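Single-letter residue listing:
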Amino acid sequence: MATIDRQTTTLALAHALSAAERGLPVFPLSATKLPALRSPHHGERPPVHCRGECGLPGHGVHDATTHPAAVRALFAAAPRATGYGIACGRTPHRLIGIDLDIDTAHGNDSVGALQQLALQHLFTIPPTVTVLTPSGGRHLWLTGPADTTVPNSAGRLAPGIDVRGAGGYLVGPGSVTAHGRYRLAPGTAHLTPAPCPRPLLRLLTPPPRRPTGPATGSATTPEAPGRRGEGLIQFVLAAHEGQRNTRLFWAACRAYEHGFGDALADALTTAAIRTGLTEQEARSAIASAERLTRGRGD
């Protein structure tokens, strides 16, 4: 077993060095997809919030580097590493990872959801580096502009779609985890990460929070539903069995986040009923979305 571990680590290092040569900052991962190096501040009280300023390795994504000697040193300190992470949002590529999960048990169709968003917002995903995950999902690699910071998110864009941006990382191709190997999709190995389409970039960067009035604390006038509201209704109408509650809840969250949830609630309810939900189920999901989003703004 020790020999296999050494071979796996050696291969992981080779893949990581290859990625670093292409300008992608890397660091070692364990078979759990977590950073392979333990924090030097583990167990310290009070908790130390250090991003590597101490000069020691063990700060996860903040260890990521493109320097070959530094990459070798990180892997030498992590003899049981089986893979490597690629830091997103860092120069020169400013990588953005679109993680499309496959969740057939809950009826989530992340690929279909991304296609629906592309139709609604008039963009296409260009040919780009694509990594196949052991679970059957895929990671799309895109690049962002220098003046835009894309945050990490889980399910905000659509059910089953996670986003890796600044401060996040992707598992690099060639990595081996407890569930299998990450590998490049056929036909994408020769590609470079493509620029993120502008309409998609706007979806990935949430709008600034609306200011509140100094006297009453009330929000400014909500925006009208417009085409976005129509798009959310169509998103709900496209739900298949097993997706209906999830899609309705997600659409209602987006509507309330943008200030027109109350105005769209009846239309969302009607759309949900057409997909097979009862009015009570639809109203309950929308009410849950309202509570969640208003809680975020407190």
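Quantities reported herein were computed from a predicted structural model and do not represent experimental measurements.

(A) Fine view of the overall build of the chain. Within the chain, the secondary structure is distributed over eight helices and 14 strands. A buried classification covers 44% of the 298 residues belonging to the chain. Within the chain, contacts between residues at least 6 apart in sequence are counted, and of these 74% link residues at least 24 apart. With an accessible surface of roughly 15,600 Å², the chain has 55% of that area assigned to carbon and sulfur atoms.

(B) Helix H7 (residues 261–275), seen in detail. Spanning 15 residues, H7 covers 20 Å between terminal C-alpha atoms, matching the ideal 21 Å at 1.5 Å per step. At Ala 267, H7 shows its maximal kink, close to 30°. Turning to H7, its buried residues number three or more, namely Gly 261, Leu 264, Ala 265, Leu 268, Thr 269, Ala 271, Ala 272 and Thr 275. Two residues or fewer past H7, Gly 276 is found with a positive phi of approximately 120°.

(C) View of the packing of helix H6 (residues 244–257) against H7. Contact pair H6 / H7: the axes reach a minimum separation of 10 Å and the direction vectors enclose 165°. With respect to each other, H6 and H7 are oriented roughly antiparallel. The chirality of how H6 crosses H7 is right-handed. The segment H6 lies against H7, with Arg 244, Leu 248, Ala 251, Ala 252, Ala 255 and Tyr 256 engaging Gly 261, Asp 262, Leu 264, Ala 265, Leu 268, Ala 272 and Thr 275. Across the contact of H6 with H7, the residue classes tally to nine nonpolar, two polar and two charged.

Quick notes on the rules
Residues numbered from 1 in each chain as written. Predicted model: local features only at pLDDT ≥ 70, side-chain atom pairs only at ≥ 80, totals over all residues. Heavy atoms only, no water. Helix = DSSP H or I, 4+ residues; strand = E, 2+ residues; numbered from the N terminus. Buried < 20%, exposed > 50% of the residue type's maximum accessible area, 1.4 Å probe, protein only. Contact = heavy atoms within 4.5 Å. Areas by Shrake-Rupley, 256 points an atom, 1.4 Å probe, with all protein chains shown as cover. Expected span 1.5 Å × (residues − 1). Bend = angle between axes of the 7 residues up to and from the residue. Axes fitted to C-alpha atoms, helices over the stretch in contact; angles between N-to-C directions. Parallel < 35°, antiparallel > 145°, perpendicular 65-115°, else oblique. Left-handed = near helix turned anticlockwise from the far one by under 90°. Nonpolar A, V, L, I, M, F, W, Y, C, P; charged D, E, K, R; others polar.

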